[in-house]
Amino acid sequence: MLTEEHKQLLKEKLEREREVLLTELSRLGAQNPANPADWMAAKPVGDEFGADRTDNAAVIEDMHTNNASLNELEGRLNNVLRALQKFTNGTYGVCEISGGPIEPERLDANPAARTSIAHMRDEHLLS
Ligand SMILES: [Zn+2]
């Protein structure tokens, strides 16, 4: 059973992770004004397109690398935001599949976990 005190610690952990992710995302890209959950990759600083095809390929390669990190960070941020929203809704610590409690040790390992241990294999099925 998750105590209120434990829940508060997990909330603080999520809030710190949100700050770290937002800092990292702002470094790599910019938030889409039309959709705050979406982040767009910025062209790496100092990388400019020019006449040299090889150089341009390297710039594009950097943008792809950036975009992959951006997508991963964006996914993590959206998970963290979803988890924080549950504190407002009063559903934090509740398995989204069974409606049962999520084990405190699972939340310690991943405060943004959406399911209990029994249902973690099906977490990817959630929208
Ligand atoms: Zn469950």
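Below is a summary of the structure that appears in this document. (Residues numbered from 1 in each chain as written. Predicted model: local features only at pLDDT ≥ 70, side-chain atom pairs only at ≥ 80, totals over all residues. Heavy atoms only, no water.)

Considering the nonpolar core
Link 1 in the chain: Of all hydrophobic cores here, the largest spans 20 residues; its most connected members are Leu 14, Leu 25, Tyr 92 and Leu 107.
Link 2 in the chain: Those elements that place two or more of their residues in this core are α1 (4-28) and α2 (53-89).
Link 3 in the chain: The element contributing the most residues to this core is α2, with seven residues.
Link 4 in the chain: Setting aside chain neighbours within four positions, we find Tyr 92 in contact with Leu 2, Lys 7, Leu 10, Leu 14, Ala 83, Lys 86, Phe 87, Leu 107 and Pro 111. (Core = buried A, V, L, I, M, F, W, Y, C linked by side-chain atoms within 4.5 Å. Buried < 20%, exposed > 50% of the residue type's maximum accessible area, 1.4 Å probe, protein only. Helix = DSSP H or I, 4+ residues; strand = E, 2+ residues; numbered from the N terminus. Contact = heavy atoms within 4.5 Å.)

Observations regarding the coordination of the zinc ion
Ideal geometry at a metal centre gives angles of 109.5 degrees when four donors are arranged tetrahedrally and 90 or 180 degrees when six donors are arranged octahedrally.
Link 1 in the chain: At the metal site, the zinc ion is ligated by Cys 95 (SG), Ser 98 (OG), Ser 116 (OG) and His 119 (ND1), and these contacts range over 2.0 to 2.4 Å.
Link 2 in the chain: Taken together, the four donor atoms coordinating the zinc ion and their angles of 90 to 140° define a geometry best described as irregular.
Link 3 in the chain: For the zinc ion, the donor residues sit on a single chain with the sequence spacing C-x2-S-x17-S-x2-H.
Link 4 in the chain: Residue classification places Ser 98 among the partly exposed residues on the basis of a relative accessible area of 42%. (Donors = N, O, S within 2.8 Å, 3.2 Å for Na, K, Ca; no water. Tetrahedral: all angles 85-135°; square planar, octahedral: opposite > 155°, others 65-115°.)

Some words on the pattern of salt bridges
Link 1 in the chain: For the structure shown, the criterion picks out eight salt bridges.
Link 2 in the chain: Across the pair Arg 76 and Glu 17 runs a salt bridge whose closest N-O atoms are separated by 3.8 Å. Of this pair, Arg 76 sits in helix α2 while Glu 17 is found in helix α1, placing the two residues 59 residues apart along the sequence.
Link 3 in the chain: Looking at Glu 17, the relative accessible area reads 26%, which means it is partly exposed.
Link 4 in the chain: Arg 18 is the partner of Glu 19 in a salt bridge, and the nearest nitrogen-oxygen pair spans 3.5 Å.
Link 5 in the chain: Its relative accessible area of 43% is what places Glu 19 among the partly exposed residues. (Salt bridge = Lys/Arg side-chain N within 4 Å of Asp/Glu carboxyl O.)

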